[in-house]
Amino acid sequence: VQLQASGGGLVQAGGSLRLSCAASGLTFSRYAMGWFRQAPGKEREFVAAIRWSGGSTYYADSVEGRFTVSRDNAKNTVYLQMNSLKPEDTAVYYCAPRLLSSAPPSRNPSDFGSWGQGTQVTVSS
């Protein structure tokens, strides 16, 4: 399984970015997908997750109303639209599939695997 996250960069507070994550080596449409982030010196934390069908989405309280997760199963890709960015959103962002196919989304990083290299998001004040 390979995950290739992209779309990160440097943006001013209040700006927007759209992250993409292309997956290969798995039947993408059978797996819930999650986005997580890790800032320097901090543990990896949940950001958002989406059910395998795309019918249900889940967000951390800190990003609810600002971030939107979506997926295109035909392209084996999951997206994270990030609006109204804040300096505290600065982190490396990772996507990952749930370890079990057809399992519902989870907020626990331990329920996900095959992390990939992530993409850096830096928000300046």
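Everything that follows concerns the structure shown earlier in this document.
Calculation criteria
Residues numbered from 1 in each chain as written. Predicted model: local features only at pLDDT ≥ 70, side-chain atom pairs only at ≥ 80, totals over all residues. Heavy atoms only, no water. Disulfide = S-S within 2.5 Å. Helix = DSSP H or I, 4+ residues; strand = E, 2+ residues; numbered from the N terminus. Buried < 20%, exposed > 50% of the residue type's maximum accessible area, 1.4 Å probe, protein only. Phe/Tyr/Trp six-rings, centres within 6.5 Å; stacked < 30°, edge-to-face > 60°. Pairing = 2+ DSSP bridges. Axes fitted to C-alpha atoms, helices over the stretch in contact; angles between N-to-C directions.

1. A short note on the state of the cysteines
- Under the counting rule described, the total for this entry stands at 1 disulfide.
- For C21, the disulfide goes to C95, at an S-S distance of 1.6 Å. A residue pair is termed long-range when its members are at least 10 positions apart, and C21 in strand β3 (residues 17-24) and C95 in strand β9 (residues 91-97) qualify at 74 residues. The same class applies to C21 as to C95, namely buried.

2. Quick notes on the packing of aromatic side chains
- Across all of its chains, the model carries 4 aromatic pairs by this definition.
- When the centroid spacing of 5.8 Å and the interplanar angle of 70 degrees are considered together, the rings of F36 and F46 count as edge-to-face. Of this pair, F36 sits in strand β4 (residues 33-38) while F46 sits in strand β5 (residues 45-50), placing them 10 residues apart in sequence. In terms of burial, F36 and F46 fall into one category: buried.
- Judged by centre distance (6.4 Å) and plane angle (90 degrees), the rings of Y94 and W115 are edge-to-face. Of this pair, Y94 sits in strand β9 while W115 is found in the loop between β9 and β10 (119-124), placing the two residues 21 residues apart along the sequence. Summarising the burial analysis for this pair, Y94 and W115 share the class buried.

3. Digging into the sheet that holds strand β1 (residues 2-6)
- With respect to topology, 4 strands assemble into an open sheet ordered β1-β3-β8-β7, the strand pairing being antiparallel. Both edges of this open sheet fall to β1 and β7 (67-72), since each of them pairs with a single strand only. On average, adjacent strands in this sheet sit at an angle of 15 degrees to one another, irrespective of strand direction.
- Sheet topology note: the β7/strand β8 (residues 77-82) ladder contains 6 bridges and is antiparallel. Looking at the pairing, T68 lines up with Q81 of β8.

4. Overview of unusual backbone geometry
- Backbone geometry places S84, a non-glycine residue, at a positive phi of 50 degrees.
- With respect to the element layout, S84 can be found in the loop between β8 and β9.
- Here S102, not a glycine, exhibits a phi torsion of approximately 65 degrees, which is positive.
- Positionally, S102 belongs in the loop between β9 and β10.
- According to the relative accessible area criterion, S102 is partly exposed, its value standing at 49%.

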